[in-house]
Amino acid sequence: MAAEIHSRPQSSRPVLLSKVEGHQDVVSAALLIPKEDGVITASEDRTIRVWLKRDSGQYWPSIYHTMSSPCSAMAYHHDSRRIFVGQDNGAIMEFHISEDFNKMNFVKTYPAHQNRVSAITFCLTSEWVISTGHDKCISWMCTRSGSMLGRHYFTSWASCLQYDHETQHAFVGDYSGQITLLKLEQNTCSVITTLKGHEGSITSLWWDPVQRLLFSGASDHSIIMWDIGGRKGRTLLLQGHHDKVQAICYIQLTRQLVSCSADGGIAVWNMDISREEAPQWLESDSCQKCEQPFFWNIKQMWDTKTLGLRQHHCRKCGQAVCGKCSTKRSSYPIMGFEFQVRVCDSCFESIKDEDRTSLATFHEGKHNISHMSMDISRGLMVTCGSDRIVKIWDMTPVVGCSLATGFSSR
């Protein structure tokens, strides 16, 4: 009986606890304040706001600060109550928030970039503020002196950033669809490797230092898990979104990945199972099933007096096939395909009904999500969208960790 009580019903979905409204423009970032009923927001309307929940259940700004330029990125370090705000003009401003979250004091400005700041992270042990920007670079600056320590340039806009505090490795995603792994030193850096797998710009990254897994979301609607720690180049593809993946968060405790897309889709992926790698697509001049020539194979077309066919690929085996040999469609979640994709006829026959059982749950955020962050210890999520609304969600019904939530829906 106890097992029935604790099992999650299939209809489980995120519970919307609160909406925070009042911004005049797109909300670039929103963060939940640990152990508090509060949210910090940074917006294109040039404001930083700290919202605290009142007795009425409504959120009201206890801090409302106007900046000189639209706010594009934010990092908050709760133990020291330091907040770093990246701006459209390339500068990062540091503030210190009072213990009661009613006052915010300016600390210093960092001339980090020549263009819009896309991501920020703060490392307390080294006292570095690390950031990426649309000036195609990563910069790291000393928070004690305010001086620039180093810069590294990429070939396109740097869009997102993750940092391993222990090893000083930085992961930078860019608009070309490439991820660069760098080792940062005091005044220099070295490129370790580049990861290529997406067909669109990288929109979000998440690094799990425990399992040494890197997750990347992109404008090609897909997510890739890169097994950095395994050292075998293993990658897993996850396809279930119908728009660009805007934010991802891996919950190490439950081995689940939460992802949000621009159309408001919220997905929770089960990563606690043995998934299969999607195959590399094979190249051939003729169909690898019926041997009919593809349209560029002029010689075989002439020899056999046949018309050339278009090339397609089976998502399950990777073989190059013609349309006639791949008329079927199927989902194949173990390989990350949560919706129906092209498979060759022989692979379709090999897929059993149980192989089509979904390994993710999909939910509707009901606004165009541009940013998401989680307070994993409480199972809470905050999303903000181009609709200027910030939503606070209780994710415990879908992320499977029975963690007490500090936010109440009352």
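Residues numbered from 1 in each chain as written. Predicted model: local features only at pLDDT ≥ 70, side-chain atom pairs only at ≥ 80, totals over all residues. Heavy atoms only, no water.

Here we look at the overall build of the protein chain
Put simply, the rule is: The helix and strand labels rest on DSSP assignments: H or I over at least four residues marks a helix, E over at least two residues marks a strand, and numbering proceeds from the N terminus. Each radius of gyration is computed over the set of C-alpha atoms, and the globule rule expresses the reference value as 2.2 Å times the number of residues to the power 0.38. For the exposure calls, accessible area comes from a 1.4 Å probe over protein chains only, and a residue counts as buried if that area is under 20% of its type's maximum, exposed if over 50%, partly exposed in between.
Along its length, the protein chain carries four helices and 32 strands. Relative to the globule expectation of 22 Å for 410 residues, the C-alpha radius of gyration of the protein chain, 24 Å, shows essentially globular dimensions. C-alpha atoms of the protein chain, sized along the principal axes, occupy 80 × 60 × 40 Å. Across the 410 residues that make up the protein chain, the buried fraction comes to 55%.

Some details on the sheet that holds strand β24 (residues 265-270)
Hydrogen bonds between backbone atoms are what pair the strands of a sheet, whose relative direction is either parallel or antiparallel. Note the cut-off: If DSSP finds at least two bridges between two strands, the strands pair. Orientation is described by axes fitted as lines to C-alpha atoms, over the contacting stretch for helices, and by angles from 0 to 180 degrees between their N-to-C directions.
If you walk across this open sheet you meet the four strands as β22-β23-β24-β29, and the pairing is antiparallel. Only two strands of the sheet have a single neighbouring strand rather than two, namely β22 (245-251) and β29 (360-364). Adjacent strand axes in the sheet meet at a mean angle of 15 degrees, parallel and antiparallel pairs treated alike.

So, the nonpolar core
Keep this limit in mind: Nonpolar cores were defined as sets of buried Ala, Val, Leu, Ile, Met, Phe, Trp, Tyr and Cys residues, with membership established by side-chain atoms within 4.5 Å. Contacts are residue-level and defined by heavy atoms, with any inter-residue pair within 4.5 Å sufficient.
By size, the foremost hydrophobic cluster in this structure holds 27 residues, and its most contacted members are Phe 171, Ile 179, Leu 205, Leu 214, Trp 226, Cys 287 and Phe 337. Elements with a minimum of two residues in this core: β16 (178-184), β18 (202-208), β20 (222-227), β26 (320-321) and β28 (337-343). Ignoring sequence-local partners within four residues, the contact set of Cys 287 consists of Gln 292, Phe 294, Ala 320, Val 321, Cys 322 and Cys 325. Listed in part, the 20 residues of the second largest apolar core include Ile 33, Tyr 76, Val 85 and Ile 97.

Here we look at the UniProt feature "repeat: WD" (unreviewed entry) in the protein chain
In plain terms, the rule: UniProt positions are given in the numbering used here, feature names are shortened, and annotations may be inferred rather than shown by experiment.
Mapped onto this structure's residue numbering, the UniProt feature "repeat: WD" (unreviewed entry) falls at residues 20-51, 195-228 and 238-279. Between the first and last C-alpha atoms of residues 195-228 the distance is 10 Å; the span itself is 0% helix and 62% strand. When the span residues 238-279 is considered, its composition is 0% helix and 50% strand, and the gap between its end C-alpha atoms is 13 Å.

Digging into the pairing of strand β17 (residues 189-196)
Bridging between β16 and β17 involves seven bridges; their strand directions are antiparallel. Of the residues in β17, the one forming a bridge with Thr 180 is Thr 194. The hairpin formed by β16 and β17 contains four residues between the paired strands.

Thoughts on the side chain of Thr 41
Rules: Any pair of N or O atoms that falls within 3.5 Å is considered a polar contact. Within protein, one atom must be able to donate a hydrogen and the other to accept it, and sequence-neighbouring residues count only if both atoms are side-chain atoms.
Along the chain, Thr 41 falls in strand β3 (residues 38-43). Its relative accessible area of 0% is what places Thr 41 among the buried residues. Polar side-chain contacts of Thr 41 include one of 2.9 Å to the side chain of His 23. In this structure the side chain of Thr 41 is engaged in a polar contact, spanning 2.9 Å, whose partner is the side chain of Trp 51. Setting aside anything within four residues of it in sequence, one finds Thr 41 in contact with His 23, Val 27, Ala 29, Ala 30, Thr 47, Ile 48, Arg 49, Trp 51, Met 74 and Val 390.

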